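Fold and contact review
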Amino acid sequence: MIDRAMAAGVNYYDTAWMYHNCTSEDFLGEALKKHPRHSFYLATKFNIDFNSDYKLVFDTQLKKLQTDYIDFYLIHCIMDSNIHRYVDDGSVDYFLEKQREGKIRYLGFSCHSSVEALQWFANHHKWDFAQLQLNYFDWLYSATEQEYKVLEECGIPIMVMEPVRGGKLAHLTPEIEAMLKEAHPEWSIPSWGFRFVRSLPQVQTVLSGMSTMEQVEDNLATFNDSTEFTQADRDLLFKACEMFHDHVKIPCTACRYCCDGCPMWINIPEFLKIYNNYKVDAEWDDTIKAKLAKVDSQGTPADCLACGACTSHCPQRIDIPSIMSEMSEKFY
């Protein structure tokens, strides 16, 4: 997949210490080592809630990625609960020092905080870039447009994460998809999300968590297409979003931050995915029960202790214990 992407001109690769059970940087470094270092940009991150030893993390990341510098380094997942720790514990100053040494070329941050906290952090110093969860659903139903304007006013370029909201916007309802297909038969449903975010002037790079070669090819087709995303397209997409909003109840993006602190080792995103399917299809039947039974998880919703460890790490602020309780009552 990476070789195909490289051959087609994709040159920005985003990873992090914690991804894929801390193996993502290893296999990305291995996959990219055959390619000249100047032909691609590496982006990785420091998450203080996952491992607070920023010096150890950074030195280890260079080894794992098989490089002597990082192109785009991010303070990872700033939230209201951790934003001051990043400054107070010295990690920001340390990474600024590494930037002066040439070990980091561009220093930025990724954000899951309130608008007010984002404004404070954005003004801390002159950041090179920021990574923002940005998609048409959150543009209408969250504070994303306000966050975008904060970064725009600060002159901070935006790298987009979750352009199809963890895959949630890759498949809509049959009625909505038919409406979009009528307007542009050649556009895939996921491509509408990419076309929207790339139409925003402050956006510099759009990330995509591709899992199959088919997704790679679809994205290449989208970004090789220079067709203008018009105001009419935008209006139609927002209409589709309003229709889809009625079907979506839990805004989970499957980031898995909730899983790390769960004492019962519940695969929360997978259970929330099934819960959302229920909300869309309005059915609790043996098929749904069978899907729940097949989830690869040590714990089930019935094992939830309602301790709140998951909610404290959830960027979407989902009331996970309440959902686990509802599922437990219905199925266990």
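As a reminder, the structure under discussion sits directly above these lines.
Residues numbered from 1 in each chain as written. Predicted model: local features only at pLDDT ≥ 70, side-chain atom pairs only at ≥ 80, totals over all residues. Heavy atoms only, no water.

**Digging into the overall build of the chain**
Of regular secondary structure, the chain possesses 16 helices and seven strands. On C-alpha atoms alone, the chain measures out to a radius of gyration of 20 Å, which is about the 20 Å that the 2.2 N^0.38 rule sets for 332 residues. Taking all 332 residues of the chain together, the buried fraction comes to 50%. Summarising the internal contacts of the chain: among those between residues at least 6 apart in sequence, 75% fall at separations of at least 24. By element, 49% of the accessible surface of the chain is carried by carbon and sulfur atoms, the whole surface being about 15,600 Å². One finds the centroid of the 31 positive side-chain charges in the chain at a distance of 3 Å from the centroid of its 48 negative side-chain charges. (Helix = DSSP H or I, 4+ residues; strand = E, 2+ residues; numbered from the N terminus. Rg over C-alpha atoms; globule rule 2.2 N^0.38 Å. Buried < 20%, exposed > 50% of the residue type's maximum accessible area, 1.4 Å probe, protein only. Contact = heavy atoms within 4.5 Å. Areas by Shrake-Rupley, 256 points an atom, 1.4 Å probe, with all protein chains shown as cover. Lys, Arg positive; Asp, Glu negative; His and termini not counted. Charge placed at Lys NZ, Arg CZ, Asp CG, Glu CD.)

**Thoughts on empty space enclosed by the protein**
Applying the stated rule across the entire model yields two cavities of 30 Å³ or more. Each pocket or cavity is described by its volume, and for the largest cavity that value is around 100 Å³. Among the elements that line the lining of the largest cavity, the one with the most residues is helix 16 (residues 320-331), at three residues. Classifying every residue of the lining of the largest cavity by side-chain character gives 14 nonpolar, one polar and no charged. Computed from the structure, the second largest cavity encloses a volume of approximately 80 Å³. Lining the second largest cavity are 15 residues; nearest its centre among them are Cys252, Cys255, Cys258, Cys314 and Ile318. At three residues, helix 14 (residues 268-281) tops the list of elements feeding residues into the lining of the second largest cavity. Partitioning the lining of the second largest cavity into residue classes produces twelve nonpolar, two polar and one charged. (1 Å grid on protein atoms, 1.4 Å probe; cavity = no way out; pocket = protein on both sides within 12 Å on 5 of 7 lines; lining within 4 Å. Points joined across faces, edges and corners; volume = space filled by probe spheres on them. Nonpolar A, V, L, I, M, F, W, Y, C, P; charged D, E, K, R; others polar.)

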